[in-house]
Amino acid sequence: MASNIGIMDSAYFVGRNEILTWINNRLQLNLSRIEEAASGAVQCQMMDMTYPGVVPMHKVNFDAKTEYDMIQNYKILQEVFNKLKIEKPLEVNRLVKGRPLDNLEFLQWLKRYCDSVNGGIMNENYNPVERRCKGGKERYAKGSQKISKSLQANNSGDPVGLSRISGPKQGKTNAGAGGSNHAGEVLALSKEITDLKVSVDLLEKERDFYFGKLRDIEILCQTSGLESIPMSVAIKKILYAADAKESALAKAQEYLHSVKEDEIEAGAGAEAEAETDP
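Bear in mind the structure is a predicted one, so any value in this text is a computation, not a measurement.

(A) Summary view of empty space enclosed by the protein. A full pass over the atoms with the stated rule returns one cavity of 30 Å³ or more. When its volume is computed, the largest cavity comes out at roughly 60 Å³. Looking at the largest cavity, the residues that line it are W22, R26, M46, M49, T50, C114, D115, N118, I121, M122 and N123. Put simply, the parts of the chain that give the lining of the largest cavity at least two residues each are α1 (16-27), α2 (41-50) and α5 (100-118). Residues belonging to the lining of the largest cavity are distributed by class as follows: six nonpolar, three polar and two charged.

Right, here's the structure in full:
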């Protein structure tokens, strides 16, 4: 099973539409953008579907909107990875930002991993909606208890009629001030979103550019007559390296060095034989 897969693996060439279709079909969702899965809840349920019962779904928050709530989901996912001994680093700080590229790459890896476990076959006995609802009911039940207790405390501490007399005037004043503040925040956030979209587009173009270069190099190294030469072998060692934590450059250089030494020894042996011949 592929805990770590190389950058040139076919998994990373799966398009976002195929990833979204995979998620929506498996989990009966209706996601239209990759960044909608940035909360980590989808990833948790995919692991729950692949390994039923391993993920504590009652703790997974599908309504996570803040980075804090999203991080809690990724903590659950990390615990599952640890339990299953999956050596896949989670770049949580980048994933919770909702960047399409980071989330796409992680979901590409996740699809490859889940397919390697179940052969790409959907678990027909798994009910994704029911699994989500069970977690949601427990979470909402706890939340409603807290809200009712806080309302009781507020009502018992409020003198009768005081809020009715002073409430409306204060509400209008606060609403006016709050409205202008919110308008400024909306404008600032809209500008930030626009800037982020431009950055994402540039990053995606850059990614596609370098992926294209790597693919050209791979095809060149697989060309008949060139695939067995030492330099092609060394390049493929780097392209197909599965360990993301270690650089494969040192191994490729070591291979080239050993080939060069073998050639020197072979050349020296041939010279020695030539000298001994009458």
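(B) Geometry of the confidence of the model for the protein. Summary statistics for the protein give a mean pLDDT of 79 and a share of 76% for residues scoring 70 or more. Confidence, expressed as mean pLDDT per element, reaches its minimum in the protein at helix α6 (residues 128-157) with 56 and its maximum at α2 with 96. Predicted confidence is poor over residues 136-151, with pLDDT under 50, and the contacts of this stretch with residues over four places away or in other chains come to seven contacts. Low pLDDT (under 50) marks residues 157-166, which in the prediction has two contacts with non-local residues, meaning those over four places away or in another chain.

(C) Broad picture of the layout of surface pockets. Empty space within the largest pocket amounts to approximately 1,100 Å³. Lining the largest pocket are 35 residues, and of these E35, A38, M70, K97 and G98 lie nearest its centre. At the level of secondary structure, the elements contributing two or more residues to the lining of the largest pocket comprise α2, α3 (67-84), α6 and α7 (162-221). Here the lining of the largest pocket gets nine residues from one element, more than from any other, and that element is α7. The residue makeup of the lining of the largest pocket, split by class, is 18 nonpolar, four polar and 13 charged.

What counts, and where the lines are drawn
Residues numbered from 1 in each chain as written. Predicted model: local features only at pLDDT ≥ 70, side-chain atom pairs only at ≥ 80, totals over all residues. Heavy atoms only, no water. 1 Å grid on protein atoms, 1.4 Å probe; cavity = no way out; pocket = protein on both sides within 12 Å on 5 of 7 lines; lining within 4 Å. Points joined across faces, edges and corners; volume = space filled by probe spheres on them. Helix = DSSP H or I, 4+ residues; strand = E, 2+ residues; numbered from the N terminus. Nonpolar A, V, L, I, M, F, W, Y, C, P; charged D, E, K, R; others polar. pLDDT = per-residue confidence, 0-100. Contact = heavy atoms within 4.5 Å.

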